[in-house]
Amino acid sequence: MKKLFIAIAVTLALAGCVTTDSLSSITTALTTGVSNPVSKQDLYAFENGMIIAFAGLNAYKKSCANGALPPSCKDTVKQLQVYTRRIPPVLKDLRSFVKNNDQVNARIAYSTATQLLADFKAVATANNVQVQ
Amino acid sequence: MDYAAIFDLIAKGLTVVDALMTAGQQAAPAIKAISGIVTGAQQGTVTDDQLTQTEALLDQMISDFNLDI
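Now for a quick tour of the structure. Computed from a predicted model, the values in this text were never measured in an experiment. (Residues numbered from 1 in each chain as written. Chains lettered and ligands numbered in written order. Predicted model: local features only at pLDDT ≥ 70, side-chain atom pairs only at ≥ 80, totals over all residues. Heavy atoms only, no water.)

Focus: the overall build of chain B
Looking only at helices and strands, one finds three helices and zero strands in chain B. In sequence order, the secondary structure elements of chain B are arranged as α-α-α. Dimensions of chain B, computed from C-alpha atoms along their principal axes, come out at roughly 40 × 25 × 15 Å. For chain B, with 69 residues in total, the buried portion stands at 41%. Working note: accessible area of chain B is about 3,600 Å², and carbon and sulfur atoms make up 56% of it. (Helix = DSSP H or I, 4+ residues; strand = E, 2+ residues; numbered from the N terminus. Buried < 20%, exposed > 50% of the residue type's maximum accessible area, 1.4 Å probe, protein only. Areas by Shrake-Rupley, 256 points an atom, 1.4 Å probe, with all protein chains shown as cover.)

Take a look at the structure:
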């Protein structure tokens, strides 16, 4: 079980590429803009990183649903879902901006997405899910 | 392309795969994602088809997690 917690910790650390606060990340996005574009390659790597993160999250949720974890795990899943349920529309925008080469908006969407990942990493930490 | 970040991502991904397999959990999506990262880094570019497949898998996994527990 400890290994599963470690897996979750690593996936969340893995996915949390940026750990700055929201305002700082958006400011950075606006100032870097087209000088630091988000390419399809970047999007591809980012989404594959998220797949790895969600592999860990889904494993945790499955273990929780099967009763293999303490009952409090359900609360942890619900807390994480507050953030993960915000991801789909952000991803939709990010994909559209990247594919249409709208780099200013792509950078903002990319920062928003990475901030969401950082936010649910913080929730995991607060619930004693170890983050490396 | 930030290769150092890519390699770090791959290394951490392998750790996750190991932990998932040890815990008897489904590791195939994570393995597929790592394969995608490696292939993408080697190619230097990604095809629309590769991106579409990755997006479909990610969407499914997000949807699965977001279902009520």
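There is more to say, and it comes next.
Some details on the interface of chain B and chain A
Every contact between the two is made by 40 residues of chain B and, on the other side, 40 residues of chain A. When chain B packs against chain A, close to 3,600 Å² is buried across both sides, 70% of that on carbon and sulfur atoms. Broken down residue by residue, the surface that chain B buries against chain A is led by Leu58(B), Phe65(B) and Ile69(B), which jointly contribute 22%. Here chain B and chain A share five salt bridges between them. Between Asp48(B) and Lys40(A) there is a salt bridge, and its shortest N-O distance comes to 2.8 Å. The tally of links from chain B across to chain A stands at 14 residue pairs in polar contact (both at pLDDT 80 or more). Residue contributions to the side of chain B that touches chain A peak at 13 residues, all from helix 3 (residues 48-66) of chain B. (Contact = heavy atoms within 4.5 Å. Buried area = accessible area lost by both parts, 1.4 Å probe. Salt bridge = Lys/Arg side-chain N within 4 Å of Asp/Glu carboxyl O. Polar contact = N/O pair within 3.5 Å; in protein donor to acceptor, adjacent residues only side chain to side chain.)

Some words on the nonpolar core
For soluble globular proteins, the rule of thumb is that nonpolar side chains tend to be buried together. If you look at the biggest cluster of nonpolar residues, it comprises 50 residues, and the most contacted ones within it are Phe46(A), Met50(A), Phe54(A), Ile87(A) and Leu94(A). Among the elements of the structure, helix 3 (40-65), helix 4 (73-84), helix 5 (87-99) and helix 6 (103-126) of chain A together with helix 1 (3-22), helix 2 (28-43) and helix 3 of chain B are those that each provide at least two residues to this core. Ranked by residue count, the leading element in this core is helix 3 of chain A, at 13 residues. With residues up to four places along the chain from it excluded, the contact list for Ile87(A) reads Met50(A), Phe54(A), Leu116(A), Leu117(A), Phe120(A) and Ile62(B). (Core = buried A, V, L, I, M, F, W, Y, C linked by side-chain atoms within 4.5 Å.)

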